[in-house]
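Single-letter residue listing:
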Amino acid sequence: MIRRLAGPVVIPAVALALVAGCGRENDAPATNDGVVIDVVIEGGTVTPSDERIDAAVGETVTVRIDSDADDELHVHAVPEHSFEIHPGTQETQFAVDVPGQVAIELHDAGKTVATLLVRP
Ligand SMILES: [Cu+2]
C-alpha cells in the first residue's frame, strides 16, 4: 500500500519559493506601481496556485487575468472585492485596508490563486 504524505505537495511550493527568490523583488520596498498578479485560467487549470505574495495596507494590487472561461474572482479582504471574469484578458484593482492574510479565490474553478500577506 502506498500512502501519500504531504511531501509531493511541499516540493512544488519550495520550487515556487526558489523561483520567486531569484529576483531582487524580495529586497525592494513596494513601488508606486504596487503589486501585480498575472493569472491564467485555461482548460480548468489556474496559474498561479496558492502563491504567497507580500503587500502593504493601502497598496494597489492589480490582478491581470487571461481566461478561457467565465469565473468570479473573490478577494477576502477588508473591504471585500469581487470581479466577474469573462473569456479574454481583463484586469481589476483593489487595495486592502486591514493587515493580515487575504485569500484571492476563483469561485467557479474552486481554486485559491494566491494569499496576500498584508503588512500594516
Ligand atoms: Cu471567496
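Only a predicted model underlies this, so the values are computations on that prediction, with no experimental measurement involved. Sequence order sets the numbering: in each chain, residues are counted from 1 along the sequence as written. Where local features are concerned, this predicted model is filtered to residues with pLDDT of at least 70; where side-chain atom pairs are given and counted, the filter is 80 or more; whole-chain, interface and lining totals use all residues. For side-chain calculations, the full set of non-hydrogen atoms in the structure is used, while hydrogens and water are omitted.

So, the overall build of the chain
Spelled out, the test is: Only DSSP runs of H or I covering at least 4 residues are called helices, and only runs of E covering at least 2 are called strands; the numbering of each starts at the N terminus. Relative accessibility under 20% of the residue-type maximum defines a buried residue, over 50% an exposed one, and the middle range a partly exposed one, all with a 1.4 Å probe and only protein chains included. Throughout, a residue-residue contact means that at least one pair of heavy atoms, one from each residue, lies within 4.5 Å. Surface accessibility follows the Shrake-Rupley procedure with a 1.4 Å probe radius. Residue values consider only the protein chains on display as shielding.
The helix and strand tally for the chain stands at one helix and nine strands. Of the regular secondary structure in the chain, the N- to C-terminal order runs α-β-β-β-β-β-β-β-β-β. Looking at the 120 residues of the chain, the share that counts as buried comes to 31%. Partitioning the intrachain contacts of the chain with sequence separation of at least 6 by distance along the chain shows that 56% fall at a separation of at least 24. For the chain, the exposed area adds up to about 7800 Å²; of that, 54% sits on carbon and sulfur atoms.

Notes on the coordination of the copper ion
Applied cut-off: Donor selection uses N, O and S atoms within 2.8 Å of the metal (3.2 Å for Na, K and Ca). Since no water is included, sites may look incomplete. Under this scheme a four-donor centre is tetrahedral when all angles range from 85 to 135 degrees, a four-donor centre is square planar and a six-donor centre octahedral when opposite donors are above 155 degrees with the rest from 65 to 115, and any other centre is irregular.
H74 (ND1), H76 (NE2), E105 (OE) and H107 (NE2) make up the full set of protein donors to the copper ion, lying at 2.0 to 2.2 Å. Relative to the metal, the four donor atoms surrounding the copper ion lie at angles of 83 to 166°, and the coordination shape comes out square planar.

A look at the pattern of salt bridges
Going by this rule: Between Lys or Arg on one side and Asp or Glu on the other, a salt bridge is scored when a side-chain nitrogen of the former is within 4 Å of a carboxyl oxygen of the latter.
The final tally for this structure, using the stated rule, is one salt bridge. The salt bridge partner of D38 is R64, with a shortest N-O separation of 3.2 Å. Linking D38 in strand 1 (residues 35-42) with R64 in strand 4 (residues 60-67), this pair joins segments that are 26 residues apart in sequence. Since its relative accessible area comes to 46%, D38 is described here as partly exposed.

Quick word on the nonpolar core
How we decide: Nonpolar cores were defined as sets of buried Ala, Val, Leu, Ile, Met, Phe, Trp, Tyr and Cys residues, with membership established by side-chain atoms within 4.5 Å.
I37, L73 and L116 are the most contacted members of the largest nonpolar core, which has 24 residues in total. Of all elements in the fold, only strand 1, strand 3 (51-56), strand 4, strand 5 (71-75), strand 6 (81-85), strand 8 (100-106) and strand 9 (111-119) reach the threshold of two or more residues within this core.

Side note on the confidence of the model for the chain
When pLDDT drops low, the exact placement of atoms in the prediction is not to be read closely. For clarity, the threshold we go by: What pLDDT conveys is the predictor's confidence in a given residue, as a value from 0 to 100.
Confidence in the prediction for the chain averages 83 pLDDT; 73% of positions are at 70 or higher. In the predicted structure, residues 7-28 sits below a pLDDT of 50 and forms four contacts with residues beyond four places in sequence or in another chain.

Some remarks on the sheet that holds strand 6
So the rule is basically this: We treat two strands as partners when DSSP finds at least two bridges between them. To get an axis, a line is fitted to the C-alpha atoms, and for a helix only the part in contact is used. The angle between two axes follows their N-to-C directions and goes from 0 to 180 degrees.
Strand order in this open sheet of five strands is 3-9-8-5-6, and the pairing throughout is mixed. Two strands lie at the open edges of the sheet, namely strand 3 and strand 6, each paired on one side alone. Neighbour-to-neighbour, the strand axes of the sheet open up by a mean angle of 20°, direction not taken into account. Pairing of strand 3 with strand 9 involves six bridges; the strand directions are parallel. Bridge pairing links A55 to V118 in strand 9.

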